[in-house]
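Working through the structure, step by step
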Amino acid sequence: MYKYAMHVAYSLVSQSNNIFFFTLSKLNMEETMKSLLDDSFESAMTLTNSGAPQVPDRYVLPPSQRPALGSSLGTIETTLPIIDLSLLHEPLLRSSVVRDINMACKEFGLFQVINHGIPPSVIEGALDAATQFFDLPVEEKMLLVSADVHQPVRYGTSLNHSTDRVHYWRDFIKHYSYPLSKWIDMWPSNPPCYKEKVGKYAEATHVLHKQLIEAISESLGLEKNYLQEQTEEGSQVMAVNCYPACPEPEITLGMPPHSDFGSLTILLQSSQGLQIMDSSKDWIRVPYIEGSLIVQLGDQVEVMSNGIYKSVIHRVTVNKDYKRLSFASLHSLPLHKKISPAPELVGNNAPAYGEFSFNDFLDYISNNDCVQQRFIDTLKKSNS
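All figures in this text were calculated on a predicted structure; none of them were measured in a lab.

1. A word on the pairing of strand β6 (residues 235-243)
- Of all nine residues making up β6, nine are buried, and the element is well covered by its neighbours.
- Alternating residues of β6 divide into Ser235, Val237, Ala239, Asn241 and Tyr243 and Gln236, Met238, Val240 and Cys242, and every residue in both groups is buried.
- Where strand β5 (residues 171-176) and β6 come together, six bridges link them in antiparallel fashion. In the sheet register, histidine 175 faces β6, and the bridge partner there is methionine 238.
- In terms of strand pairing, β6 meets strand β13 (residues 324-332) through nine bridges, oriented antiparallel. Considered in β13, the bridge of valine 237 is made with leucine 330.

2. Concerning the environment of tryptophan 283
- Examined against the element boundaries, tryptophan 283 turns out to sit in strand β10 (residues 283-285).
- Counting along the chain gives 32 residues from tryptophan 283 to arginine 315, while the straight-line C-alpha distance between them is 8.9 Å.

3. Some points on the layout of surface pockets
- Taken as a whole, the second largest pocket spans an internal volume of roughly 310 Å³.
- Lining the second largest pocket are 16 residues; nearest its centre among them are Met277, Asp278, Ser279, Lys310 and Ser311.
- Sort the elements by how many residues they give to the lining of the second largest pocket and helix α4 (residues 94-107) lands first, with three residues.
- Looking at the lining of the second largest pocket residue by residue, the classes come out as five nonpolar, three polar and eight charged.

4. Quick look at the packing of aromatic side chains
- What the rule picks out here adds up to 13 aromatic pairs.
- For the pair tyrosine 176 and tryptophan 183, a centre-to-centre distance of 4.9 Å together with 80° between the ring planes defines the contact as edge-to-face.
- Note on tyrosine 176: relative accessible area 13%, which makes it buried.
- Taken together through their ring pairs, the aromatic side chains of Tyr176, Trp183, Phe261, Phe356, Phe358, Phe361, Tyr364 and Phe375 make up a single cluster.
- The lysine or arginine in question, lysine 174, covers the ring of phenylalanine 172, its NZ or CZ lying 5.5 Å from the ring centre.

Rules and cut-offs
Residues numbered from 1 in each chain as written. Predicted model: local features only at pLDDT ≥ 70, side-chain atom pairs only at ≥ 80, totals over all residues. Heavy atoms only, no water. Buried < 20%, exposed > 50% of the residue type's maximum accessible area, 1.4 Å probe, protein only. Helix = DSSP H or I, 4+ residues; strand = E, 2+ residues; numbered from the N terminus. Pairing = 2+ DSSP bridges. 1 Å grid on protein atoms, 1.4 Å probe; cavity = no way out; pocket = protein on both sides within 12 Å on 5 of 7 lines; lining within 4 Å. Points joined across faces, edges and corners; volume = space filled by probe spheres on them. Nonpolar A, V, L, I, M, F, W, Y, C, P; charged D, E, K, R; others polar. Phe/Tyr/Trp six-rings, centres within 6.5 Å; stacked < 30°, edge-to-face > 60°. Lys NZ or Arg CZ within 6 Å of the ring centre and 35° of its normal.

Written out as structure tokens, the structure reads:
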């Protein structure tokens, strides 16, 4: 390909067709780069569709990190909090709901919400668009592939297929989503319904995030508008995940144990697969409740609360029988805005955490293995 490009370039220069030469050379460079990516990229969907009877070696976890599916060992069943968000709008009941949120955040760093205000049609539309996207031909999705975590729109597999030591049984498309008008033109054009259906869901989750962060601020004893300005100017990243049926789900994971970088993650799932770690380091299965959404605390809330609330460590399991989809709407402060412990929650003591921004997190995961060390652990002060 390189020799062919040089030959064409020479011929075109001889004809003084400089514009055509530039265009063809640029396209040839893009093809070469895409070819290099193709050589190192194989999606989980491709492996499932090929009928592979086993997962490739790169997906096999060490025995101590495997999920022990079908066994009570290492996983437990417990009742997780379910919050009826419609009651937040009832003046006589709001304080009771805020107390329930406080208890859920302290104990689990997670709760499920019902009556959240997002219509079922919007949720179903988003899941339908995601299904159509991941069913597209590989060549179509590869137009968006990137290993650069700073890209505003990128398709990929595992966490980062170019750097992962162990791979995870997951394909994804991630894109910035707020403000929607700034980013939506960069989103996938296929399937044709994607921008409209996922756009409606992104807008709805942005509104919901504002209500949730107000209630969580209030549950900490802060003014409910403590983060209002940062929320209005903040970032929203939509991670649309596909976990295909897996031939050996007992020796791999869809996602490794981790916490999210932002303030809150609002999760929509098509079926069960999420697990969270409790204070005893046991794994708890998060049940699938039709129509509900899951609210997970992220690192920014842990820092802002000075450790009163903890970001939830979670992982994703896979299964043999069917594909699971999820939408993780990751909300955070603006890209370069630093968050630090709220002075009202520090008092006369030294802060337990250093400050950080979303951009600091991106720089960290670009240069470090976040499976080996969580980003937030690098922020903890020695006196905490």
